[in-house]
Amino acid sequence: MRAGTPLEQPRLLLIEDDPRLGPLIAQVLSESYTVTLEVDGKSGVVAGLSGDFDVMVIDRRLPSLDGLAVVETLRRK
């Protein structure tokens, strides 16, 4: 957790395109994290660059930009 915000849950970016699996994973993880769910690689990159996330869970096979490309793009920036 961030210093100075002891009651705030860590923020997690979940990038998952499966319409049933993504919300299910987000629901389970929301017990411990504040979850942001994105459904494709490009929107995941935008969210990853604009948000202050503590952890990211990224599917490898995503529409518009695969998971490895998402990770590479985020690391470069």
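Residues numbered from 1 in each chain as written. Predicted model: local features only at pLDDT ≥ 70, side-chain atom pairs only at ≥ 80, totals over all residues. Heavy atoms only, no water.

K.L.:
I'm lost on the overall build of the chain in this one. Help?
P.N.:
Each helix and strand in the chain was counted, giving 3 helices and 3 strands. Written out in order from the N terminus, the α and β elements of the chain read β-α-β-α-β-α. The globule rule puts the C-alpha radius of gyration for 77 residues at 11 Å, and the 12 Å found for the chain is close to it. For the chain, the spread of C-alpha atoms along the three principal axes comes to 35 × 30 × 15 Å. For the chain, buried positions account for 26% of its 77 residues. Residue pairs at least 24 apart in sequence account for 48% of intrachain contacts in the chain once pairs closer than 6 positions are excluded. (Helix = DSSP H or I, 4+ residues; strand = E, 2+ residues; numbered from the N terminus. Rg over C-alpha atoms; globule rule 2.2 N^0.38 Å. Buried < 20%, exposed > 50% of the residue type's maximum accessible area, 1.4 Å probe, protein only. Contact = heavy atoms within 4.5 Å.)

K.L.:
What should I look at first to understand the pairing of strand S1 (residues 11-15) in this one?
P.N.:
Most of S1 sits inside the fold, with 4 of its 5 residues counted as buried. Bridge count for S1 against strand S2 (residues 34-38) is 5 bridges, and the pairing is parallel. Along S2, the bridge assignment pairs Arg 11 with Thr 34. The pairing of S1 with strand S3 (residues 55-58) spans 4 bridges and is parallel. (Pairing = 2+ DSSP bridges.)

K.L.:
Sorry, what's going on with unusual backbone geometry here?
P.N.:
A negative phi holds for most residues other than glycine; trans holds for most peptide bonds. The backbone of Ser 64 sits at a positive phi, close to 75 degrees, despite the residue not being glycine. Note on placement: Ser 64 falls in the loop between S3 and helix H3 (67-76).

K.L.:
How do you make sense of the nonpolar core when you look at a structure like this?
P.N.:
Note on soluble globular proteins: their nonpolar side chains tend to be buried together. Of all hydrophobic cores here, the largest spans 8 residues; its members are Leu 13, Ile 15, Val 45, Ala 47, Phe 53, Leu 62, Val 70 and Leu 74. At the level of elements, S1, helix H2 (41-50) and H3 are the ones that each hand at least two residues to this core. Leu 62 has contacts with Ile 15, Glu 16, Asp 17, Gly 41, Gly 67 and Val 70, leaving out every residue within four places of it along the chain. (Core = buried A, V, L, I, M, F, W, Y, C linked by side-chain atoms within 4.5 Å.)

K.L.:
How do you make sense of a nonpolar patch on the surface when you look at a structure like this?
P.N.:
Nonpolar side chains collect at one region of the surface, where Leu 21, Leu 24 and Val 28 lie side by side and expose about 260 Å² of accessible area between them. Checked against the element boundaries, Val 28 lands in helix H1 (residues 21-29). (Patch = residues over 30% accessible without salt bridge, like charges linked within 9 Å, V, L, I, M, F, W, Y side chains within 5 Å. Areas by Shrake-Rupley, 256 points an atom, 1.4 Å probe, with all protein chains shown as cover. Salt bridge = Lys/Arg side-chain N within 4 Å of Asp/Glu carboxyl O.)

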